[in-house]
Amino acid sequence: MAFNFPGMLLNVLIAWIWLQIIFFFGQWRERRKHPERIVPSRSEAAKAEAAARGIIAKEYQELGSMSFHEVTTLVLFVALVALWLSREPQIVPGWADWVKGDGYVDVGDATAAMFIVFLFFVIPAKPNFWCFRESPDSPSKTGGALLNWKVLHDRIPWGVILLLGGGFAVAEAAEESCLSYWLGQQLRSLGSLRPALLVYIVTIFTTALTEVTSNTATATILMPVLAQLASAVKVHPLYLMLPSAVACSYAFMLPVATPPNAIVFEAGRMKTRNMIQTGFAMNVICVSVINLMINTLGDHLFDFSRYPDWAESGSSSVSSSASHCNYTLS
């Protein structure tokens, strides 16, 4: 967070300025093209805003108070976030250490997620037992759960899940088949370049790749390759991997790049050409910002001037996998 938070604020500020320029330029061009159109006065705009606020207030009142179903869903969501944050907080022992005990038990983020999903299928949506009964004399009844399979089947975007799972599968296959090692060796010739130029090339390539693939798939495929490249050219692994991981989110040009792009594209009835024109500038800006941050703040935080001991100690495992991959590829 110490590295990414300042860069995020800088990107948001520059993005706001850039979008304001695009917006006012579009208005100016529209006025030149259609000077006969009358701009609404401030009083008319205020009336329209008041009417919109009235509609929103009316819809909010019609929602009524939160039901037991909604309150329980909120509580379970907060509990899931708390379980994720407290699993391995690093500064203190987490609940995962207590669950593992002395034996080997694989406890990850999916463990907490599946536990909360289990509770969704168990807790009733409208309880009618114990203190939840309408009257003390009324019999207890069973009702439907907070979540059932029909809702899960109809509402879950299974295509997105398969896309993300496919990205993880491709990354695992690339590592097991030694493809990531082969790519890292092929890119070894880039070691003759200056490290700053190498990082710039890597972030540009990552940004271009994430425009046509999901962010998670891009990261899971590229991270093993960059780790091999860093080991081959003896560059601090974080110097290559950290800006590339951040650049996986720089998908601004195409609707298919990420679901938020598709939502904005559909809701705003935008043209692909307009999104590419605006998004290309955002890609260039964000890539420039991440390269600036990694060579200033990142160097101060992580000391990229030396090859770290933990990367050197990992060279033994890398060399063993390299010998295995050399035998496999030959």
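Residues numbered from 1 in each chain as written. Predicted model: local features only at pLDDT ≥ 70, side-chain atom pairs only at ≥ 80, totals over all residues. Heavy atoms only, no water.

Draft legend 1. Seen up close, the UniProt feature "transmembrane region" (unreviewed entry) in the protein chain. Within this numbering scheme, the UniProt entry marks residues 6-25, 68-87, 107-125, 197-226, 238-257 and 278-298 as carrying the feature "transmembrane region" (unreviewed entry). Taken end to end, residues 6-25 is 100% helix and 0% strand, and its two terminal C-alpha atoms sit 29 Å from one another. Split by type, residues 107-125 is 74% helix and 0% strand. Its first and last C-alpha atoms lie 29 Å apart. (UniProt positions renumbered as here; feature names shortened; annotations may be inferred. Helix = DSSP H or I, 4+ residues; strand = E, 2+ residues; numbered from the N terminus.)

Draft legend 2. Looking closely at the nonpolar core. Grouped together as the largest cluster of nonpolar side chains are 27 residues, with contacts concentrated most on F3, L226, Y239, L240, Y250 and I294. Only helix 9 (195-210), helix 10 (215-233), helix 11 (237-247) and helix 13 (272-295) provide two or more residues apiece to this core. Once residues lying within four places of it in the same chain are set aside, the contact partners of L226 are V202, L240, M241 and S244. Within the second largest apolar cluster, ten residues are counted, among which are L80, L119, L146 and L147. (Core = buried A, V, L, I, M, F, W, Y, C linked by side-chain atoms within 4.5 Å. Buried < 20%, exposed > 50% of the residue type's maximum accessible area, 1.4 Å probe, protein only. Contact = heavy atoms within 4.5 Å.)

Draft legend 3. Layout of the packing of helix 3 (residues 68-87) against helix 5 (residues 109-122). In the contact formed by helix 3 and helix 5, the axes pass within 9 Å of each other and the chain directions differ by 160°. Taken together, the axes of helix 3 and helix 5 lie roughly antiparallel to each other. The handedness of the crossing between helix 3 and helix 5 is right-handed. In this structure, helix 3 uses T73, L76, A79, L80, L83, W84 and R87 to contact helix 5, whose residues at the interface are D109, A112, A113, F115, I116, L119 and F120. Among the residues forming the contact of helix 3 with helix 5, the class breakdown is eleven nonpolar, one polar and two charged. (Axes fitted to C-alpha atoms, helices over the stretch in contact; angles between N-to-C directions. Parallel < 35°, antiparallel > 145°, perpendicular 65-115°, else oblique. Left-handed = near helix turned anticlockwise from the far one by under 90°. Nonpolar A, V, L, I, M, F, W, Y, C, P; charged D, E, K, R; others polar.)

Draft legend 4. Geometry of unusual backbone geometry. One non-glycine residue with positive phi stands out, namely K234, at about 55°. With phi around 55°, D303 is a residue other than glycine that occupies positive phi space. Take D303: it is sitting in the loop between helix 14 (297-302) and helix 15 (309-313).

Draft legend 5. Focus on the side chain of T206. Considering the arrangement of structural elements, one finds T206 in helix 9. Take T206: its relative accessible area is 0%, and that puts it in the buried class. Excluding anything up to four places from it in sequence, T206 contacts T218, L222, S244, A247 and C248.

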